[in-house]
Amino acid sequence: MQDFETVEVSTDLLIIGPGMAGSGACVEAAHWAKKNNLKVTVVDKAAMERSGAVAMGLSAINQYQGENTPVDYLSYVRQDLMGLCRDDLVMDISRHVNGSVHLFEGYGLPLWKDENGNYVHEGRWQLMINGESYKAIVAEAGKTAVNADNIYERVFIVKLLLDKNDKNRVCGAIGFSVRENKIYIFKCKACLVTAGGAVHVFRPRSTGEGMGRAWYPPWNSGSSSYLTTTAGAEMSSQEVVFIPGRFKDGYGPVGAWFLLFKATATSASGVNYMGEGLAEGGELHNWPPYGEVKPIPTCLRNHLMMQKMYSGDGPILMHTDKAIAKLAEQAPDEKAYKKELKKLEAEAWEDFLDMTISQAVLWASKDVFPEEGPSEIMPSEPYFIGSHSGASGAWTSGPEDIQTDESKSDYFWGYNRMTTVNGLFSAGDGVGNSSHKFSSGSFTEGRIAAKAAIKYCVDNTDMPEADSAVVDKLKQDIVAPLKVYEENCAYTTLGATKKRYDMPVEEVNPYYITPKMAMFRLNKIMDEYVAGWGNQYNCSATSLNLALQELKRLKEDLSKLSARNLHELMRCWENVHRVQIAEAHTRHKLFREETRWPGYYYRTDFPKMNEEKWGDVFVNSVYDEEKDEFKLFTRKKYSLVDIKEVVGM
Ligand code: SFD
Ligand code: AMP
């Protein structure tokens, strides 16, 4: 094994993961850092221009307030999450998000405009964009603000470092280059973790040659959660996954179809399952008060779809053809009708070409013409994404000015978006209970967190320091999978036995486990026992406890992960990160003895929502790394605003 060089970088604020939230953080941090003569350093496992969830682009900005108030938005989010959200965090993003969207426009992002120059809305909160280059445009602003010299690309952060004298204070991070034999040690006063959500924890629906296709990007491997959890930060709502209904196999999003094109989806026998659920005596009335008010919460839309599928009335069809025809019919004459039809067809294709190119490719290869016939949609595998319609993430301080006297003691501890670890901040997918922030809200939350983190650096001028013995041990642990491979590759029983990179992967070996095999094992456990699609999203205390036993065994085997090169070394650590969130998720699910988000998961031993016991509490946890133990407990939810009427879509 070749030697690794150690590179040390000292800074004031360290931003880990310049995706949407991290790019917003760069812009804001650079501004305040300049005023205070501070240094901002950024590190990304990939190349910032196309890193994170928005790598392929997006076709909409899903959070824009326009003239709506923060309370309007809160009413929508609270309803969608079946009553449980952090009102302060949601309203904080809401009041600042318009400014972020206007910044995007200033950076050069093309937003759709109508003939009067107004933004074209997809739905009440969503704006249509020509967004193929969305990330490149936003990243350019972030990169320019912090200056290229302060950006470290293709460096994977493995772990955060804590102050040797104060275990509740962050002091840096350690990782490695995925291109050169270099270990990086970053030393900082404050650290902002914006390393995205988690994909491929659950078995994906795509298998074989389609493996790797997912709705959310497979390169989001749970690092936000791992880094904050293992630093000892309190985490929240780790049980609340997001399961998006998506076009089958290509995972094309449905929002534009439902909201812009006003399409309907039906079961195989033609039942409009959402209409049926809403009608008097329909299924939604079994989930009061959230099921009884429009818009139907995301999980309940899934629930209705799943009920049809699993009663044998699948597949579910999105009637793209009927929607296009209905819109075109509004044209005044035959010529205008034909023109409108062409325009709508182009918009339908662009929706996917802007953000899920693979869906457009799949449609083309399967001779699908959306204007001629329907396409199949289905619920996907669960994802961890605090920025969309899931809620998992860190428990952070909120803004002071939105609190009530009551909420202040629990929701506010000094610096906005700081976790319970001093100097450690998060945003975007990394922060729990403030869902529906999407790309624009994540960018906004990154700005909010970065401003507070710079304030923290101004207030705390001393430089904390890691324990050198801890760092030395981590340096060895990080590269260990390369050593495991070197020492054991000759024992391979399936695949090549020599170090030949042109040979098939050395898949089976009695002394090591490849990162891919570790992921398959994790996926199987989660799918079968923790409510994946393979078990029709069902779990119970019995299955969850079985999962915990299997996860324990898997964790033991992670010390035998093997890597043939730096790229596989990254794959190894991605899976270590995934396993952590998998265990946290399983424990949270076990703790909350009810079914609150049907359509995301069902506790078959507690099939109903229990408002009295669980309606006013978040499930939180703290992980003790030395003991490898989780502590689970509840935190009270405060309603900062009385909401009389739910604001719609
Ligand atoms: O319709 C490390 N999203 C949509 N948002 C919208 O506003 N409109 C849409 O149209 C959206 N749709 C959509 C969306 C996402 C995807 C994949 C599709 C469609 C196909 C959601 C947003 O993209 C999402 O909310 C935000 O991007 C979340 O932002 P953030 O910053 O929390 O995560 P990120 O952008 O993925 O960035 C993560 C960064 O971390 C890096 N990273 N760096 C170093 N070390 C490690 N260990 C790291 N691990 C990760 C990444 O490289 C990246 O830079 S629709 O379907 O909803
Ligand atoms: P999606 O493409 O499913 O990620 O959705 C994009 C946006 O549209 C999100 O804000 C969703 O919550 C919203 N959305 C999607 N489908 C519906 C629907 N049927 N009713 C209300 N809102 C929806």
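Now for a description of the structure that goes with this document.

**Things to note about the overall build of the chain**
Turning to step 1, where the next piece is worked out: A count of helices and strands for the chain gives 18 helices and 21 strands.
Turning to step 2, where the next piece is worked out: For 649 residues, the compact-globule formula gives about 26 Å, and the C-alpha radius of gyration of the chain, at 24 Å, lands near that figure.
Turning to step 3, where the next piece is worked out: When the backbone C-alpha atoms are referred to their principal axes, the chain occupies close to 75 × 60 × 50 Å.
Turning to step 4, where the next piece is worked out: Buried residues in the chain amount to 60% of all 649 residues.
Turning to step 5, where the next piece is worked out: Considering only residue pairs separated by 6 or more positions, the chain has 74% of its internal contacts joining residues 24 or more positions apart.
Turning to step 6, where the next piece is worked out: As presented, the chain carries roughly 25,200 Å² of accessible surface, and 50% of it is formed by carbon and sulfur atoms.
Turning to step 7, where the next piece is worked out: Averaging the locations of the 73 positively and 87 negatively charged side chains of the chain gives two centres separated by 2 Å.

**Structural notes on the sheet that holds strand β17 (residues 424-426)**
Turning to step 1, where the next piece is worked out: An order of β6-β3-β2-β10-β17 is seen for the five strands of this open sheet, with the pairing classed as parallel. What marks the edges here is a single partner per strand, and that holds for β6 (151-152) and β17.
Turning to step 2, where the next piece is worked out: With four bridges joining them, strand β2 (residues 13-16) and strand β3 (residues 40-43) adopt parallel strand pairing. When the bridges of β3 are listed, L13 appears paired with V40.
Turning to step 3, where the next piece is worked out: Lying over the sheet, helix α13 (residues 438-459) contacts β2, β3, β10 (190-193) and β17, oriented at roughly 170° with respect to β10.

**Observations concerning the site of ligand 1**
Turning to step 1, where the next piece is worked out: Around ligand 1, the structure places 37 residues, and the nearest of them are D44, A60, S387, H388 and S439.
Turning to step 2, where the next piece is worked out: At 2.6 Å, a side-chain N or O of D44 approaches an oxygen atom of ligand 1.
Turning to step 3, where the next piece is worked out: In this structure, K45 approaches ligand 1 through a main-chain N or O atom, which is 3.1 Å from a nitrogen atom.
Turning to step 4, where the next piece is worked out: Starting from 1,100 Å² of accessible surface for ligand 1 in isolation, the protein chains cover 98%.
Turning to step 5, where the next piece is worked out: For the shell around ligand 1, the elements supplying multiple residues, two or more each, are α1 (20-36), β4 (60-61), β7 (155-162) and α13.
Turning to step 6, where the next piece is worked out: Tallied by class, residues from the shell around ligand 1 come to 18 nonpolar, 15 polar and four charged.

**Comments concerning the sheet that holds strand β8 (residues 170-177)**
For sheets, the rule is that strands pair by backbone hydrogen bonds, running either parallel or antiparallel.
Turning to step 1, where the next piece is worked out: Spatial ordering of the open sheet is given by β1-β9-β8-β7, a layout of four strands whose pairing is mixed. Edge positions in the sheet fall to β1 (5-10) and β7, since each of these pairs with one other strand and no more. Put simply, the sheet's adjacent strands are angled 20° from each other on average, direction ignored.

**A look at the packing of aromatic side chains**
Turning to step 1, where the next piece is worked out: Counted by the stated rule, this structure contains 33 aromatic pairs.
Turning to step 2, where the next piece is worked out: Taking 6.5 Å as the distance between ring centres and 65° as the angle between the ring planes, the aromatic pair formed by F247 and W257 counts as edge-to-face. Of this pair, F247 sits in strand β12 (residues 245-247) while W257 sits in helix α6 (residues 255-260), and the two are ten residues apart along the sequence. Per residue, the accessibility class of F247 equals that of W257, and both read buried.
Turning to step 3, where the next piece is worked out: With centroids separated by 4.8 Å and ring planes inclined at 45°, the aromatic side chains of Y623 and F630 adopt a geometry described as tilted.
Turning to step 4, where the next piece is worked out: For Y623, a relative accessible area of 8% corresponds to the buried category.
Turning to step 5, where the next piece is worked out: The exposure class assigned to F630 is buried, which follows from its relative accessible area of 15%.
Turning to step 6, where the next piece is worked out: Pairwise contacts between aromatic rings join F247, W257, F261, W349, F352 and W363 into one cluster.
Turning to step 7, where the next piece is worked out: Here the guanidinium or amino end of R86 rests over the ring plane of W395, the centre of that ring lying 4.6 Å away.

**Let's talk about the site of ligand 2**
Turning to step 1, where the next piece is worked out: Near ligand 2 lie 13 residues; those nearest to it are Q126, R246, G255, L259 and H388.
Turning to step 2, where the next piece is worked out: At 2.7 Å from an oxygen atom of ligand 2 is found a main-chain nitrogen or oxygen belonging to G255.
Turning to step 3, where the next piece is worked out: In the environment of ligand 2, an oxygen atom lies 2.9 Å from a nitrogen or oxygen atom belonging to the side chain of H388.
Turning to step 4, where the next piece is worked out: Burial of ligand 2 by the protein amounts to 92% of the accessible area it has alone, namely 480 Å².
Turning to step 5, where the next piece is worked out: Examining the composition of the shell around ligand 2, we find that three residues originate from one element, α6, more than from any other.
Turning to step 6, where the next piece is worked out: Grouping the amino acids of the shell around ligand 2 by side-chain chemistry returns seven nonpolar, four polar and two charged.

**Re the side chain of S237**
Turning to step 1, where the next piece is worked out: Mapping S237 onto the fold places it in the loop between β11 (235-236) and β12.
Turning to step 2, where the next piece is worked out: Taking the relative accessible area as the measure of exposure, S237 reaches 3% and is therefore buried.
Turning to step 3, where the next piece is worked out: At 2.5 Å, the side chain of S237 forms a polar contact with the side chain of N433.

**Some thoughts on the pairing of strand β21 (residues 629-636)**
Turning to step 1, where the next piece is worked out: Examined bridge by bridge, strand β20 (residues 617-624) and β21 share eight bridges and lie antiparallel to one another. Residue pairing in the sheet places F618 in a bridge with R635 of β21.
Turning to step 2, where the next piece is worked out: Counting the residues in the hairpin turn of β20 and β21 gives four residues, including D628, whose phi is positive at 50°.

**Topic: the side chain of R78**
Turning to step 1, where the next piece is worked out: Residue placement: R78 occurs in helix α2 (residues 70-80).
Turning to step 2, where the next piece is worked out: The exposure class of R78 is buried, given its relative accessible area of 13%.

Cut-off values and rules
- Residues numbered from 1 in each chain as written.
- Chains lettered and ligands numbered in written order.
- Predicted model: local features only at pLDDT ≥ 70, side-chain atom pairs only at ≥ 80, totals over all residues.
- Heavy atoms only, no water.
- Helix = DSSP H or I, 4+ residues; strand = E, 2+ residues; numbered from the N terminus.
- Rg over C-alpha atoms; globule rule 2.2 N^0.38 Å.
- Buried < 20%, exposed > 50% of the residue type's maximum accessible area, 1.4 Å probe, protein only.
- Contact = heavy atoms within 4.5 Å.
- Areas by Shrake-Rupley, 256 points an atom, 1.4 Å probe, with all protein chains shown as cover.
- Lys, Arg positive; Asp, Glu negative; His and termini not counted.
- Charge placed at Lys NZ, Arg CZ, Asp CG, Glu CD.
- Pairing = 2+ DSSP bridges.
- Axes fitted to C-alpha atoms, helices over the stretch in contact; angles between N-to-C directions.
- Near = heavy atom within 4 Å.
- Polar contact = N/O pair within 3.5 Å; in protein donor to acceptor, adjacent residues only side chain to side chain.
- Nonpolar A, V, L, I, M, F, W, Y, C, P; charged D, E, K, R; others polar.
- Phe/Tyr/Trp six-rings, centres within 6.5 Å; stacked < 30°, edge-to-face > 60°.
- Lys NZ or Arg CZ within 6 Å of the ring centre and 35° of its normal.

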